[in-house]
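Now for the letters of each chain:
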Amino acid sequence: MDATVPEAVKIVEGRCRICGARTEVLRLTEFNLKVCPPCFLRFFERRIRRALEKHAMVGEGERVAVAVSGGKDSTALLYALKRLGVVMGFEPVALHFHLAMGGYSDRNLEVVKEQCSRAGIPLKVLLIGDLGLRVQRVKGWTPCAVCGAIKRSLFNREARKMGAQVVATAHTLEDILLFAFKNLLSRNFRLPPPVLPPGDGLARKVKPLYYMPERLNLVYCRLRELPIFEEKCPFWSPHGHALKEVFEHMEKVVPSSKLQLLLSLREVLSLEGMTLSGPKSPCLRCGEPSSQPLCAVCQLGDWFLRGGRRTGDPS
Ligand code: SF4
Ligand code: ZN
């Protein structure tokens, strides 16, 4: 989904800083490291494990629902969690939203099915068209805002139906920095936390890739030869991601600065309340947690049922 990530896997001759072998190595400027491919795979999974443990993201015996889009980030997360689940005693399950965008969504689903079957992970597919929903511009909402609202709400509901206590999203280091910067530009001094505790009908929400530069997700997928869905969504626009280029430039000038910036921001910004838009109560119609009388999905469902007429517009 992201145009700012360069082709990731550049292999050069050198000495692996982890195992010491003189061989082909990858340069991880983000961590000031040169590592051979097998050590990279262990390094990548160990970093995710460290984030899981540091923030108590997942307990033993828990089921973790992973939202899988088919892109590099959620694919890397899904495979890494599958492998870590074996040693840490939790069980990942996958959830994919078929976004009813014709052939694009069908091809996307095929890749996700292949990913899950190769990982041996159960997959649940939710066809939003069957729920009377679509991704499109609705008064006051961009298509991406509609898409995000649908996915956020249904992800929690479906995860609960799948018996998951935890929902995991593939937000990366750059996503967190982007959120933080957009907040700072409007004098909002808060940083998204790595874990949102459960409550008000919402499962615990975790971000295991919180400290992971997205380039490394692509490296991981390439080295494990995982299929990735690389088509751009018809609604994708570079505008929403343009600020990420600032981070890429900063990283080029000062290697590892993205991670250092995040660690610094964690010390000075508040982690309180991010992404929780006030207290939740059950939606009057479907009972899902909502900050308004009707949840976003019920409001959007009404809108589409009326053929997009203005009465009762989602707002
Ligand atoms: Fe949804 Fe927008 Fe992403 Fe497309 S680009 S999948 S509409 S959030
Ligand atoms: Zn509802």
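Going by the structure above, here's the rest.
Residues numbered from 1 in each chain as written. Chains lettered and ligands numbered in written order. Predicted model: local features only at pLDDT ≥ 70, side-chain atom pairs only at ≥ 80, totals over all residues. Heavy atoms only, no water.

Caption draft 1: The overall build of the protein, seen in detail. Of regular secondary structure, the protein possesses 9 helices and 11 strands. Its C-alpha radius of gyration of 20 Å places the protein within 12% of the 20 Å reference for a compact globule of 315 residues. Projected onto its principal axes, the C-alpha coordinates of the protein cover approximately 65 × 45 × 35 Å. The proportion of buried residues among the 315 residues of the protein is 50%. Partitioning the intrachain contacts of the protein with sequence separation of at least 6 by distance along the chain shows that 70% fall at a separation of at least 24. (Helix = DSSP H or I, 4+ residues; strand = E, 2+ residues; numbered from the N terminus. Rg over C-alpha atoms; globule rule 2.2 N^0.38 Å. Buried < 20%, exposed > 50% of the residue type's maximum accessible area, 1.4 Å probe, protein only. Contact = heavy atoms within 4.5 Å.)

Caption draft 2: Inspection of the coordination of the zinc ion (ligand 2) at higher detail. The coordination sphere of the zinc ion (ligand 2), as far as protein atoms go, consists of Cys-283 (SG), Cys-286 (SG), Cys-295 (SG) and Cys-298 (SG), spread over 2.2 to 2.3 Å. Classification of the site at the zinc ion (ligand 2) rests on its 4 donor atoms, whose angles at the metal span 106 to 115 degrees, yielding the label tetrahedral. Within one chain, the residues serving as donors to the zinc ion (ligand 2) are arranged as C-x2-C-x8-C-x2-C. Residue Cys-283 is found in the loop between strand E10 (281-282) and strand E11 (289-290), and its partner Cys-295 is found in the loop between E11 and helix H9 (296-305); the two are separated by 12 residues along the sequence. (Donors = N, O, S within 2.8 Å, 3.2 Å for Na, K, Ca; no water. Tetrahedral: all angles 85-135°; square planar, octahedral: opposite > 155°, others 65-115°.)

Caption draft 3: Local environment of the sheet that holds strand E2 (residues 22-28). As summarised here, the arrangement of the 3 strands in space is E1-E2-E3, forming an open sheet in which the pairing is antiparallel. Edge positions in the sheet fall to strand E1 (11-15) and strand E3 (33-35), since each has one partner strand and no second. The mean inter-strand angle of the sheet, taken between neighbouring strand axes irrespective of direction, is 55 degrees. Pairing of E1 with E2 involves 5 bridges; the strand directions are antiparallel. Each residue of the ladder has a partner; that of Ile-11, found in E2, is Leu-26. The strands touched by helix H1 (residues 37-54) within the sheet are E1, E2 and E3, with E2 carrying the most contacts at an inclination of about 40 degrees. (Pairing = 2+ DSSP bridges. Axes fitted to C-alpha atoms, helices over the stretch in contact; angles between N-to-C directions.)

Caption draft 4: How the structure looks around the side chain of Glu-288. With respect to the helices, strands and loops of the structure, Glu-288 is situated in the loop between E10 and E11. Taking the relative accessible area as the measure of exposure, Glu-288 reaches 7% and is therefore buried. In this structure Glu-288 touches Asn-156, Arg-157, Arg-160, Ser-281, Pro-282 and Cys-283, once residues within four positions along its chain are discounted.

Caption draft 5: Looking closely at the nonpolar core. Phe-40, Phe-44, Ile-48, Leu-52, Leu-81 and Tyr-220 are the most contacted members of the largest nonpolar core, which has 61 residues in total. Setting aside anything within four residues of it in sequence, one finds Leu-81 in contact with Ile-48, Leu-52, Val-64, Val-66, Phe-90, Pro-92 and Ala-168. In this structure, Leu-99, Leu-126, Leu-133 and Ala-164 belong to the second largest nonpolar core, which totals 35 residues. (Core = buried A, V, L, I, M, F, W, Y, C linked by side-chain atoms within 4.5 Å.)

Caption draft 6: Spatial organisation of the packing of H1 against helix H6 (residues 214-223). At a minimum axis distance of 10 Å, the contact between H1 and H6 shows a crossing angle of 125 degrees. Put simply, H1 runs oblique to H6. In this structure, the crossing between H1 and H6 has a hand that is left-handed. Note on element contacts: H6 touches H1 through Leu-216, Asn-217, Val-219, Tyr-220 and Leu-223, opposite Pro-37, Phe-40, Leu-41, Phe-44 and Glu-45. When its residues are assigned to classes, the contact of H1 with H6 shows 8 nonpolar, 1 polar and 1 charged. (Parallel < 35°, antiparallel > 145°, perpendicular 65-115°, else oblique. Left-handed = near helix turned anticlockwise from the far one by under 90°. Nonpolar A, V, L, I, M, F, W, Y, C, P; charged D, E, K, R; others polar.)

Caption draft 7: Highlighting the pattern of salt bridges. Counted under the stated rule, the structure contains 20 salt bridges. With its nearest N and O atoms 3.8 Å apart, the salt bridge here joins Arg-118 to Glu-114. Within this pair, Arg-118 and its partner Glu-114 are both found in helix H3 (residues 103-119), separated by 4 residues, close to a single helical turn. The closest approach of N and O atoms between Glu-230 and Arg-222, which form a salt bridge, is 3.3 Å. By sharing partners, the salt bridges in this structure join Lys-124, Arg-157, Glu-158 and Lys-161 into a single network. (Salt bridge = Lys/Arg side-chain N within 4 Å of Asp/Glu carboxyl O.)

Caption draft 8: Representation of the packing of aromatic side chains. For the structure shown, the criterion picks out 6 aromatic pairs. Geometrically, the ring pair formed by Phe-31 and Phe-43 is edge-to-face, given 5.2 Å between the ring centres and 75 degrees between the ring planes. Of the two residues, Phe-31 is situated in the loop between E2 and E3 and Phe-43 in helix H1; the sequence distance between them amounts to 12 residues. You can call Phe-31 buried: its relative accessible area is 16%. Take Phe-43: its relative accessible area is 10%, and that puts it in the buried class. Where Phe-44 meets Tyr-220, the ring centres are 4.2 Å apart and the plane angle is 15 degrees; that geometry is what we call stacked. Placement of the pair is Phe-44 in helix H1 and Tyr-220 in helix H6, with a sequence separation of 176 residues. (Phe/Tyr/Trp six-rings, centres within 6.5 Å; stacked < 30°, edge-to-face > 60°.)

Caption draft 9: Up close: the pairing of strand E4 (residues 63-67). Sheet topology places E4 next to strand E5 (residues 91-98); 5 bridges connect them, and they run parallel. For Val-66, the partnering residue across the bridge sits in E5 and is Ala-94. Tracing the backbone out of E4, into helix H2 (residues 72-88) and back to the parallel element E5 gives a crossover that is right-handed. (Right-handed = clockwise from strand over helix to strand, strands pointing away.)

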